[in-house]
Amino acid sequence: MRTTRPLLPPFDLQTALQKVQAAEDAWNTCDPVTVALAYTAESVWRNRDEFITGRAEIVEFLHRKWELELDYALRKELWSYRDNRIAVRFQYECHDRSGQCWRSYGNELWEFTNGGLMRRREASINDVAIDEGDRRIFGPRAASERGLPVPIQ
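Description of the structure in this document. The residue count restarts for each chain, going from 1 along the sequence in the order it is written. At least 70 in pLDDT is required for a residue's local features to be given in this predicted model, at least 80 for side-chain atom pairs to be given and counted, and no such filter applies to totals for whole chains, interfaces and linings, which use all residues. Side-chain measures here rest on the full set of heavy atoms in the structure, leaving out hydrogens and waters.

Some remarks on a nonpolar patch on the surface
To count toward a patch, a residue needs a relative accessible area over 30% and no salt bridge; like charges are then connected within 9 Å, while nonpolar side chains (Val, Leu, Ile, Met, Phe, Trp, Tyr) are connected within 5 Å. Reported accessibility uses the Shrake-Rupley method at a 1.4 Å probe radius. Residues are deemed covered only where the shown protein chains occlude them. Think of a salt bridge as a Lys or Arg side-chain nitrogen and an Asp or Glu carboxyl oxygen that are within 4 Å of each other. On the surface, a nonpolar cluster with roughly 260 Å² of combined accessible area is contributed by Leu13, Leu17 and Tyr81. For the purposes of this entry, the term helix denotes a DSSP run of H or I that reaches at least four residues, the term strand denotes a run of E that reaches at least two, and both are numbered from the N terminus. Following the sequence through the fold, Leu13 ends up in helix H1 (residues 13–27). By relative accessible area, which is 46% here, Leu13 ends up partly exposed. Only protein chains enter the accessibility calculation, which uses a 1.4 Å probe; a residue is then buried when its area is under 20% of its type maximum, exposed when over 50%, and partly exposed in between.

Some thoughts on the environment of Phe11
Its place among the elements puts Phe11 in the segment before H1. Classification of Phe11 by relative accessible area gives buried; the value is 6%. For the pair formed by Phe11 and Asn47, sequence separation is 36 residues and the distance between their alpha carbons is 24 Å. Filtering out sequence-adjacent residues up to four positions away, Phe11 remains in contact with Ala16, Lys19, Tyr81, Asp83, Asn84, Arg85, Ile86 and Phe112. A contact between two residues is defined here by any heavy atoms of the two lying within 4.5 Å.

A short note on the side chain of Lys76
Secondary-structure assignment places Lys76 in strand E3 (residues 70–82). Under the relative-accessibility criterion, Lys76 is labelled buried at 6%. Excluding residues within four positions of it along the chain, Lys76 makes contact with Val20, Ala23, Glu24, Trp27, Arg89, Phe90, Glu108, Trp110, Arg141 and Val150.

So this is what it looks like as structure tokens:
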């Protein structure tokens, strides 16, 4: 099994951008275990109105999330960074079991340990119902799209 060492704080522009892209890539796998490996065993989350503590709860939360949010595709963009903290804005699109498509807009605040794992994540997210024809995010980001900003609308 191949493992990679996490990028370590303090972050500079290059490592912050890499950290954000790595998070986007992991979340686009829709694999809760893969995503959870970026967090400490005791990581604390606020996701909308839900409070989550630890990898086991993260995995459980993500299983529930992706059972409801089908064809999930995410884009993240670096907003700011300093020392061991990164702020991102993001959008993701999905559809529910009824076929209704959604675009979700959000901001996240991340705090990392010296070992590069995320110990704190706070996410504020708003959901907008969209028509299927209005979807613009499909699957993981192509290499040619990496680093491009996420549109506001």
